Amino acid sequence: MSDTHSGVFYITTPIYYVNDRPHIGHGYCTILADVLARFHRLFGQETYFLTGTDEHGQKVQEAAVKRGMSSQAHVDDMHRHFRDLWPTLHVSNDDFIRTTEPRHVRVVQHALQLLWDRGLIYRGEYEGFYSPRVEKFFAADELVDGKCPETGGEVHQIKESNYFFRMSQYRDALVAHIHAHPDFIRPESRRNEVLGFLKQPLQDLCISRPKARLEWGIPLPFDPDYVTYVWFDALLNYCTAAGLYLDDERFAHLWCGVHHLIGKDILTTHSVYWTTMLMALELPLPRHIIAHGWWLVDRTKMSKSLGNVVDPLAMKDKYGVDSLRYFLMREMVVGLDADFTEEAFLKRHNFDLANDLGNLANRLAKFVQRSMGGVVPAPGEGSGTPHDDDLRAMATGLPARVRELVEDLRIEAAVEAVMNLVRRINRYVAETEPFKVIKTDPAHAAGAVYHALEGLRFALNLLAPIMPGKCSELLAAIGAPPPVTSLDALRWGDLPAGAAVTLQDAPFPRHEVPTFQAADPGAAPAPARKPGKAGAAAREAGPSGAPGPADATPAPMGVAQAGVASGDPSAAPAKVTYDHFAALDLRVGTVLAAEAVAKSDKLLRLDVDLGEARPRQVVAGIAKAYAPADLVGRQFLFVANLEPRKVFGLLSEAMVLAGHDDDGLAAFSPLRPLPAGAKAS
RNA sequence: GGCGAAGUAGCUCAGACGGUAGAGCAGGCGGCUCAUAUCCGCCGAGUCGGGGGUUCAAGUCCCUCCUUCGCCA
């Protein structure tokens, strides 16, 4: 990113779909954008940081209907899940855009009218198969067994008149641009992916939906019977916030430094749809499109359609927002996938933050408080050892190195570079031994402590974009000035002698790394598994340490079986206390919908009303016993608090209880109808 | 099937321009005691997925095969 050395740094996250609950994927992307924004502010660049919510589309409309409220009221409520979350994660966005805001509607309609006037949008016939769940059209040959190729859900054949954007004519220009700007799409593997995609002819893009089918969208300015396709609407948010068609000067100023941070799942929409839209609108293309990877939690990708979530709120509440931010930035290489396990998280927290950084601050502070009157000592002539120069050289050379790495998006390497300074300071303390020298040579002991504290101040300032809260606190606690606002202002020797060192408690308390034991059938129940921990537990705790079968996940298929189950019936399970039984959340659920799972002859996908705000998805291995149509409206017994599990790509959020014999399965059902969600005991 | 990426110590991963394999964690040994049983030092022969090739020299370039993953609206 050599071209970011000066000028504006305008960083965007995707706008998040308002129907989702925020999960680690949203959290990571937004925190990464925040870290980049904070670093670029430190680099002295004017920085503008945008995030927001995507609020139109079919699913919003449906969810609103289900809740019995207007679509607007629904999104007004839902967007808070995101907007209110970011401050708690120390996200410093300058703006939060909602696609339902008048400022945005205006820009979308203006852009559409412009393209319509220029003949870049035309009306045409569309024929295809529509999947409501993903809001996409598919050609006949794309369907899998007549079902949606992405979800296996129902599709409807639709023939309708629609409006199309002449995307096809921009293919050559786009390919040329990507070749001319090798780092336009990052990382390189994603760039290759887009180039590969563009080897085929590019089609025109359908940018409308008839109002008869979907009302909740921005009306086309030139045909009120249609609303705008959500992507065409959503992508323009980046321009709206910069002032397009409102404040030309401001827009031109910000837009020349725009960087889009996205997940790899929306690479095509950004690098093809969006860039050709910009070409058609005769606007400059973004500097960079940066596609990050996914966090794999229990070997399952986090995604909006699966709904499996590790709640970032829960992680930060448990261990602190700064540790969470540190882990996310240190562990993931931008662009690649990474595993999220609580064990890895706690190791980072304990080793890097508690042992190295926190302990360094603590050991220095306690020593100063005990032996140096509780104030930063005078540097004097230093420690009287050659290590001073070495330490100072490393610290003062670090800002430039960190900047280089951050501009190259190697955040994990930048973090590691700073942590190497922290480790160097710990070594420096061992080398200069101020705690020994103080008895014989107090001036040199003071000098050594000053050097160590000053080195620590450098490290904390360079980590401040990652951990803004803790770094500010710690700087204050060691008597240092507040975090610098520009790296140029980070100068060796600015730590004022005589300032009070007030640090009291260990800044990063250690947490025990839980050990997960094999689920011994005769033993007490295993400790409650933490979110995202099951995979690692299985890997490490398989019987006799054999990882194979555990990894292959013989998976409860969303159905528990009683009766003559396979195995040895004489091996009766150990008795459990009533409390153990009561820990199970057994409830009556009403099947709202049922359908076969693609590529499986055993599984059914059920939507089950368990008396909650929204139905749960249950993947049950009962397809051989029941036809989907026979289940709808019937009630069965479910385990409602079983850890959710992905089966055949679908998240199963509860387990149906059934017995079986040689003739197959029989699910347990109440003898008379009960309210959905009724507890069983 | 087409295109692309990855396969390096028990684990997680680094390894611009080709020159006799590195870090962290885990494990072993030792040291210090200011500090959160923390910190510091020492200990790593791992066919760098298999095979072939180019080269004085190849995880590092070329070919091929295997495995895993991604993209193909």
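Residues numbered from 1 in each chain as written. Chains lettered and ligands numbered in written order. Predicted model: local features only at pLDDT ≥ 70, side-chain atom pairs only at ≥ 80, totals over all residues. Heavy atoms only, no water.

> Run through the pairing of strand 18 (residues 586–596), naming residues and quoting values.
If a strand is regular, its side chains alternate between the two faces of the sheet. Burial analysis of strand 18 places eight of its eleven residues in the buried class, the great majority of the element. By the bridge criterion, five bridges tie strand 18 to strand 21 (residues 635–639) in an arrangement that is antiparallel. From the neighbouring strand, Val588 faces strand 21, where its bridge partner is Leu637. (Buried < 20%, exposed > 50% of the residue type's maximum accessible area, 1.4 Å probe, protein only. Helix = DSSP H or I, 4+ residues; strand = E, 2+ residues; numbered from the N terminus. Pairing = 2+ DSSP bridges.)

> Summarise the sheet that holds strand 13 (residues 288–292); cite the residues concerned and give the values.
The strands making up a sheet associate through hydrogen bonds between their backbones, and the pairing can be parallel or antiparallel. Pairing is parallel in the open sheet, where six strands are placed in the order 3-2-1-12-13-7. The outermost strands of the open sheet, each flanked by one partner alone, are strand 3 (95–98) and strand 7 (185–186). Sheet analysis places strand 7 next to strand 13, joined by two bridges and oriented parallel. By the bridge assignment, Arg186 is partnered in strand 13 with Ile290.

> Describe the domain arrangement of chain A, and please don't skip the residues or the numbers.
Note: interface size is frequently given as the accessible area lost on complex formation between the parts. Each assigned domain of chain A is listed with its residue range as follows: domain 1 (4–292), domain 2 (337–489) and domain 3 (533–667). For domain 1 versus domain 2, the separation of C-alpha centres amounts to 42 Å. Between domain 1 and domain 2, the residue contacts involve 16 residues of the former and 19 residues of the latter. When domain 1 packs against domain 2, the two sides together hide about 1600 Å² of surface, and 68% of this comes from carbon and sulfur. Considering only the surface of domain 1 that becomes buried against domain 2, Phe39, Leu42 and Phe43 emerge as the three largest contributors, covering 41% of it. For the interface between domain 1 and domain 2, the tally reads one salt bridge. (Domains from an automatic or database assignment. Contact = heavy atoms within 4.5 Å. Buried area = accessible area lost by both parts, 1.4 Å probe. Salt bridge = Lys/Arg side-chain N within 4 Å of Asp/Glu carboxyl O.)

> Any chance you could break down unusual backbone geometry for me, citing the residues and the numbers?
We note that His90 has phi near 60°; this positive angle belongs to a residue other than glycine. With respect to the helices, strands and loops of the structure, His90 is situated in the loop between helix 5 (85–88) and strand 3. Looking at His90, the relative accessible area reads 26%, which means it is partly exposed.

> Please provide a residue-by-residue account of the packing of helix 17 (residues 411–432) against helix 19 (residues 442–463), values included.
Closest axis-to-axis distance for the helix 17/helix 19 pair is 9 Å, and the angle between their directions is 170°. When the interaxial angle is binned, helix 17 and helix 19 end up roughly antiparallel. Residue-level contacts link Val418, Met419, Leu421, Val422, Ile425, Tyr428, Val429 and Thr432 of helix 17 to Gly447, Ala448, His451, Ala452, Gly455, Leu456, Phe458, Ala459, Leu462 and Leu463 of helix 19. In terms of residue class, the contact of helix 17 with helix 19 is built from 14 nonpolar, four polar and no charged. (Axes fitted to C-alpha atoms, helices over the stretch in contact; angles between N-to-C directions. Parallel < 35°, antiparallel > 145°, perpendicular 65-115°, else oblique. Nonpolar A, V, L, I, M, F, W, Y, C, P; charged D, E, K, R; others polar.)

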